[in-house]
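Residue-level structural notes
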Amino acid sequence: MADRAEVLAKVQEILVERLDVDPADVTESAHMRDDLEADSLDLVELIMDLEEGFGVKISDDEAQSIGTVGEAVDFIRSEEHTSELQSHSDLVCRLLLEK
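Structural notes, computed from the coordinates. (Residues numbered from 1 in each chain as written. Predicted model: local features only at pLDDT ≥ 70, side-chain atom pairs only at ≥ 80, totals over all residues. Heavy atoms only, no water.)

So, a negative patch on the surface
Basically, it comes down to this: Think of a patch as exposed residues, more than 30% relative accessible area, with no salt bridge, where like charges cluster within 9 Å and nonpolar side chains (Val, Leu, Ile, Met, Phe, Trp, Tyr) cluster within 5 Å. Here the open area of atoms and residues is found with the Shrake-Rupley method and a 1.4 Å probe, where only the protein chains shown may cover a residue. Throughout this description, the term salt bridge denotes a Lys or Arg side-chain nitrogen within 4 Å of a carboxyl oxygen of Asp or Glu. Under this rule, positive means Lys or Arg and negative means Asp or Glu; His and the chain ends count for nothing. Think of each charge as sitting on NZ of Lys, CZ of Arg, CG of Asp or CD of Glu. Numbered from the N terminus, helices here are DSSP runs of H or I no shorter than four residues, and strands are runs of E no shorter than two.
On the surface, D22, D25, D34, D35 and E37 cluster together into a negatively charged patch. Relative to the elements of secondary structure, D25 occurs in the loop between helix 1 (4-19) and helix 2 (40-54).

Okay, structure coming up:
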């Protein structure tokens, strides 16, 4: 699992590219709509960029709960951890079935 700084850097890169904002403005406390001036279409595209960039799935309800850059980082890290646990669980099940 990537550490927080790595996830933050990649989220910042995606936001700077998608929103054409100054990298210095993309802080963990920056609100995507209020501070970075993302409109509804930008937000939908950002969710798709984050899903593709990190290999996670973000439901509409989950997307609604992500307002700041830091919240996006927290969500991605939690999804990576969940995905990692699922992979370990799948491996254990396969090993047990092989016995």
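Things to note about the pattern of salt bridges
Note that side chains of opposite charge can pair when their charged atoms are close. Rules: The buried label applies to any residue whose accessible area, calculated with a 1.4 Å probe on protein chains only, is under 20% of its type's maximum; exposed applies above 50%, and partly exposed to all values in between.
Summed over all chains, the structure comprises five salt bridges. D74 serves as the salt-bridge partner of R4, at 2.5 Å between the closest nitrogen and oxygen. You can see R4 sitting in helix 1 and its partner D74 sitting in helix 4 (residues 69-98), a full 70 residues away along the chain. What makes D74 partly exposed here is its relative accessible area of 41%.

Some points on the nonpolar core
Heads up, the rule is: What makes a nonpolar core is a set of buried Ala, Val, Leu, Ile, Met, Phe, Trp, Tyr and Cys residues whose side-chain atoms join them at distances within 4.5 Å. The criterion used for residue contact is that any of the two residues' heavy atoms lie within 4.5 Å.
Counting 24 residues, the largest nonpolar core has V11, L15, L36, L50, F54 and V69 as its most contacted members. Listing elements by their share of this core, those giving two or more residues are helix 1, helix 2 and helix 4. Among the elements that make up this core, the one with the highest residue count is helix 1 (six residues). Among residues more than four places away in sequence, those in contact with V69 are L8, V11, L15, V26, T27, E28, A30, M32 and L36.

Observations regarding helix 1
Basically, it comes down to this: Expected span of a helix, by definition, is 1.5 Å for each gap between consecutive residues, and there is one gap fewer than residues. Within this analysis, the arc is defined by the directions that extend from the helix axis to the C-beta atoms.
An ideal rise of 1.5 Å per residue puts 22 Å on 16 residues; helix 1 measures up with 22 Å between its terminal C-alpha atoms. What helix 1 keeps buried is the set V7, L8, V11, I14, L15 and L19. All buried residues of helix 1 project into a common sector of 130° when viewed along the axis, lining one side. Away from its buried face by more than 90 degrees, helix 1 exposes A5, E13 and E17.

Notes on the environment of Q64
As for its placement among the helices and strands, Q64 is situated in helix 3 (residues 60-64). As a C-alpha pair, Q64 and L43 span 21 residues in sequence and 9.8 Å in three-dimensional space.

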